[in-house]
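Descriptive structure summary
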Amino acid sequence: QVQLVESGGGLVQAGGSLRLSCAASGRTFSSSTMGWFRQAPGKEREFLAAIPWNGGSTYYSDSVKGRFTISRDNAKNTVYLQMNSLKPEDTAVYYCAAKAPFYGDFYSKNAYNSWGQGTQVTVSS
């Protein structure tokens, strides 16, 4: 299993940018599909983006497509989420997660078996 630690959250004004990082440990990171999710108070955990082990494709929810970019550096055991043009409705706790390749749907939180502790992102208007 992969251990995950997110960082990079904080307070930003609307229209601003943040880059989240997720540092992984464990020998299966380089073969894992990595995803980013978020959860706002009183809401379900929401899929944002995913990237397979080789970074060959990326997938996004409609709510963040064109504004967020997921990437990974397997040499550094790290996955990133670059967030631009942030909106107040992006305020949430952001989580990275890992799942085995070819297991479940990349947009389903139930397919992921390793989760970080989350990092708070707050966007002020």
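Below: a short report on this structure.

1. Details of the sheet that holds strand S8 (residues 78-83)
Strand order in this open sheet of four strands is S1-S3-S8-S7, and the pairing throughout is antiparallel. Two strands in the sheet have a free side with no partner beyond their single neighbour: strand S1 (3-7) and strand S7 (68-73). Averaged over all pairs of adjacent strands, the angle between strand axes in this sheet comes to 15°, irrespective of strand direction. The sheet contact formed by strand S3 (residues 18-25) and S8 spans six bridges and is antiparallel. Among the inter-strand pairings, cysteine 22 is bridged to a residue of S8, identified as valine 79.

2. A short note on the packing of aromatic side chains
Counted by the stated rule, this structure contains eight aromatic pairs. Measuring from centroid to centroid gives 5.7 Å for phenylalanine 37 and phenylalanine 47, while their planes differ by 70°, and the two rings are edge-to-face. Placement of the pair is phenylalanine 37 in strand S4 (residues 33-39) and phenylalanine 47 in strand S5 (residues 46-51), with a sequence separation of 10 residues. Given a relative accessible area of 0%, phenylalanine 37 falls into the buried group. Through pairs of rings, three or more aromatic residues link up here, namely Phe37, Phe47, Tyr59, Tyr95, Phe106, Tyr107, Tyr112 and Trp115. The positively charged end of arginine 45 is found above the aromatic ring belonging to tyrosine 95, 3.8 Å away from the centroid.

What counts, and at which threshold
Residues numbered from 1 in each chain as written. Predicted model: local features only at pLDDT ≥ 70, side-chain atom pairs only at ≥ 80, totals over all residues. Heavy atoms only, no water. Pairing = 2+ DSSP bridges. Helix = DSSP H or I, 4+ residues; strand = E, 2+ residues; numbered from the N terminus. Axes fitted to C-alpha atoms, helices over the stretch in contact; angles between N-to-C directions. Phe/Tyr/Trp six-rings, centres within 6.5 Å; stacked < 30°, edge-to-face > 60°. Buried < 20%, exposed > 50% of the residue type's maximum accessible area, 1.4 Å probe, protein only. Lys NZ or Arg CZ within 6 Å of the ring centre and 35° of its normal.

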